[in-house]
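Descriptive analysis of the structure
Each chain, letter by letter, is given below.
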Amino acid sequence: MGNANGREEEVGNGIEEDESLSLTETGRSNGGEMGLSYNHAQVPGRVASSESMGNIIDDNNNNNNNNNNTPPHSPGRSPSPLLFAPQLPVAPLQRGDGLPFFNNIWQNESQGVVDQPLERAIPSMITWNYGGNNVAVEGSWDNWTSRKMLQRSGKDHSILLVLPIGIYHYRFIVDGEWRYNPDLDFAPDEMGHVCNLLNVNDNVPENLESVAEFEAPPSPDYSYSQTLPTEEDFAKEPVAVPPQLHLTVLGMENPDEASSSKPQHVVLNHLFIEKGWASQSVVALGLTHRYQSKYVTVVLYKPLIR
Amino acid sequence: MMSLCPRNYSYCPSVIIWQSDEAVPRISVTDLEVSRHRISLFLSTHNAYELLPESGKIIALDVNLPVKQAFHILYEQGISVAPLWDFCKGQFVGVLSALDFILILKELGSHGSNLTEEELETHTIAAWKEGGKLHLTRTMDGNGASFSRRHLVHAGPNDCLKDVALKILQNKVATVPIIHFSSQDGSVPQLLHLASLSGILKCIYRYFRHSSSSLPILQQPICSIPCGTWVPKIGDSKPFAMLRPNASLSAALALLVQAGVSSIPIVDDNGSLLDIYSRSDITALAKDKVYAQIRLDEMSILEALRLGQDANSPHGVFNGQRCQMCLRSDPLHEVMKRLANPGVRRLIIVEAGSNRVEGIISLSDVFKFLLGYPDFVGHHFT
């Protein structure tokens, strides 16, 4: 993950500078993992700095899962190595005045545009690629009262805004002139001026083109000669379910939690069955499927006719 | 404005006009038309796919499940409506809702349980839907239409939001399943979502909240717009439906069915709001199979509500979260914002301080006002 790389670089810097661990200097509250805990531990033990650096790197990797030094997690609990938090384009990490970033991007930090601090605010990037020296943006998020300068890198200007979900109108002021970006969504606002539209959503829709269609491979020819299972086969323990299939929407008790986490593709189109109701006469069948870029889990309760 | 229309609680709320006896702002007709036009445009250009959450879960029931178990499932899953699937037909054929439970209980109560214990165990949803309700339709005034429907009211993911909202209003239902037919001949249904007015309102609110000047009507206080059901000020022979806490459960259920409302405020002797009894509260009777052990006229609604509350509920009888309240001076956009929360279907309008009930404003009231229904409906749905 991008964040992890950032942290490791800083750890590297720390070794060169040979100060008490540079991690404290960043002032970020990444502190969750990076350790207020072991910072305190290291201060008296400066002598063992190389060893402690080694520990830090190990701890770092622990957090990034699948390090051979750590005891293996039980299969039911280990996160899939391929599981990433959804990636959003983010501004390059900055020191000092940059926004603190966590592993979980959806923390509630804001630049002061949020009118209700308890609402979830989502970072969104606004860019201007048509040159100019001074580019600022103003928008309906604070009723057009303030202008924010964009940061320039070459011909491109950009800014990261953290806003509650909704639709906003905004305009660029390029060297004193009102402009809009014709490549992005635009619409006239209430006063008839043309503005760009920013749609801040709390989920990132799938890029459907990137989901390759999957043709299931045909069964290998030699499998057609398998005999039907015998009593002996039924007496054996059933094959273990692959661990990824434990991570289903069905297993989630809390409906709020279920609706905000996207199911992994690996659990789609598998039929789950739940038995063991009091009367043993009802089963629950569960299936998660994809419809365009959204996911639907349907649970059907069916009587079991004996 | 115009003359007072007395409110009769046995009608569903419709547009009312009454004499303003206080200094309330008058709404301008152009404000209203501009707002309605913009909302109508928004609803016509967005479709039901937007209502789907990124990852949603729906519970469906096989139509051959025994009714008893179906209600246990509704209760345990914390839902109040579930679509019904018929394996033989390979289609979704209807929904099971709290209203069905209420009707079954009433029927059992009134006939002194003609069904034996064993029959009650095995009485299926299909049998109930086919036969059990027919004799009741004759006693329904204006709501009987909802029970004689032979097919499921549903919508597709590409239907526009306006059509979905109108379907909900015209069929007087709370939810409309969104179903996608994935094969060529439309024979394989894929259940996607249960659309409700709450979800549509959330879309509207999200879209317009940062450009409030484009919907001027939203700034108006709700007492100045013809929206909601209000306790009539002038003495009227037909009271606004309310109940005391010691009213019997059977009286509450009878009132819910007869008045065609989805909830009734519970008030004390001064008319101050204590709690609210909704149709969906009936599923709490599935807890510990209480419904089999009680007689409806011997249980008070207070006891029935206590059943539904967790032991951890800190509020005791009066739970501020259950009864969402607002003031008559609150602007419409504030009311819409509160109604856009899932699970909130109505706000009770109270007097500041005393909590005296002044009226109720519900999701369907807001939509009827915003769409100008039923006067300005474009097309008719069956």
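Calculation notes
- Residues numbered from 1 in each chain as written.
- Chains lettered and ligands numbered in written order.
- Predicted model: local features only at pLDDT ≥ 70, side-chain atom pairs only at ≥ 80, totals over all residues.
- Heavy atoms only, no water.
- Helix = DSSP H or I, 4+ residues; strand = E, 2+ residues; numbered from the N terminus.
- Buried < 20%, exposed > 50% of the residue type's maximum accessible area, 1.4 Å probe, protein only.
- Contact = heavy atoms within 4.5 Å.
- Areas by Shrake-Rupley, 256 points an atom, 1.4 Å probe, with all protein chains shown as cover.
- Buried area = accessible area lost by both parts, 1.4 Å probe.
- Salt bridge = Lys/Arg side-chain N within 4 Å of Asp/Glu carboxyl O.
- Polar contact = N/O pair within 3.5 Å; in protein donor to acceptor, adjacent residues only side chain to side chain.
- Pairing = 2+ DSSP bridges.
- Axes fitted to C-alpha atoms, helices over the stretch in contact; angles between N-to-C directions.
- pLDDT = per-residue confidence, 0-100.

Remarks on the overall build of chain B
A tally of helices and strands in chain B yields 13 helices and eleven strands. Counting over 382 residues, chain B shows a buried share of 51%. A sequence separation of at least 24 residues applies to 65% of the contacts in chain B between residues at least 6 apart. Accessible surface, chain B as shown: approximately 17,500 Å² in total, 52% of it carbon and sulfur.

Regarding the interface of chain A and chain B
Contact with chain A, which involves 40 residues of that partner, is made by 34 residues of chain B. Across the interface of chain A and chain B, roughly 3,400 Å² is buried in total on both sides, 52% from carbon and sulfur atoms. On the chain A side of the interface with chain B, the three residues burying the most area are A:Y291, A:K294 and A:Y301, jointly 22% of the side's total. Applying the counting rule to chain A against chain B returns zero salt bridges. Linking chain A to chain B there are 15 residue pairs in polar contact (both at pLDDT 80 or more).

Here we look at helix α2 (residues 67-77) of chain B
Residues and elements named next belong to chain B. For α2, a buried count of eight out of eleven residues is recorded, marking the element as mostly surrounded by other parts of the structure. For α2, the complete set of buried residues consists of V67, K68, Q69, A70, F71, H72, I73 and L74. Within two residues after α2, G78 carries a phi angle of roughly 70°, on the positive side.

Considerations on the sheet that holds strand β1 (residues 55-62) of chain B
Two pairing modes exist for strands in a sheet, parallel and antiparallel, and in both the strands are linked by backbone hydrogen bonds. Ordered in space as β10(A)-β11(A)-β12(A)-β1(B)-β2(B)-β3(B), the six strands form an open sheet in which the pairing is mixed. Each having just a single partner strand, β10 (271-274) of chain A together with β3 (91-97) of chain B make up the two edges of the open sheet. Looking at each pair of strands side by side, their axes are set apart by 30° on average, direction ignored. Inspection of the sheet shows β1(B) paired to strand β2 (residues 81-86) of chain B by two bridges, in the parallel sense. Looking at the pairing, B:D62 lines up with B:W85 of β2(B).

Digging into the confidence of the model for chain A
All names here are of chain A. Confidence in the prediction for chain A averages 64 pLDDT; 49% of positions are at 70 or higher. Within chain A, no element has a lower average pLDDT than helix α2 (residues 22-25), which sits at 34, and none a higher one than strand β12 (residues 294-303), at 90. This stretch, residues 1-79, has a pLDDT under 50; its non-local contacts, to residues over four places away or in other chains, come to 66 contacts. Counted against residues more than four places away or in other chains, residues 94-118, with its pLDDT under 50, gives 51 contacts.

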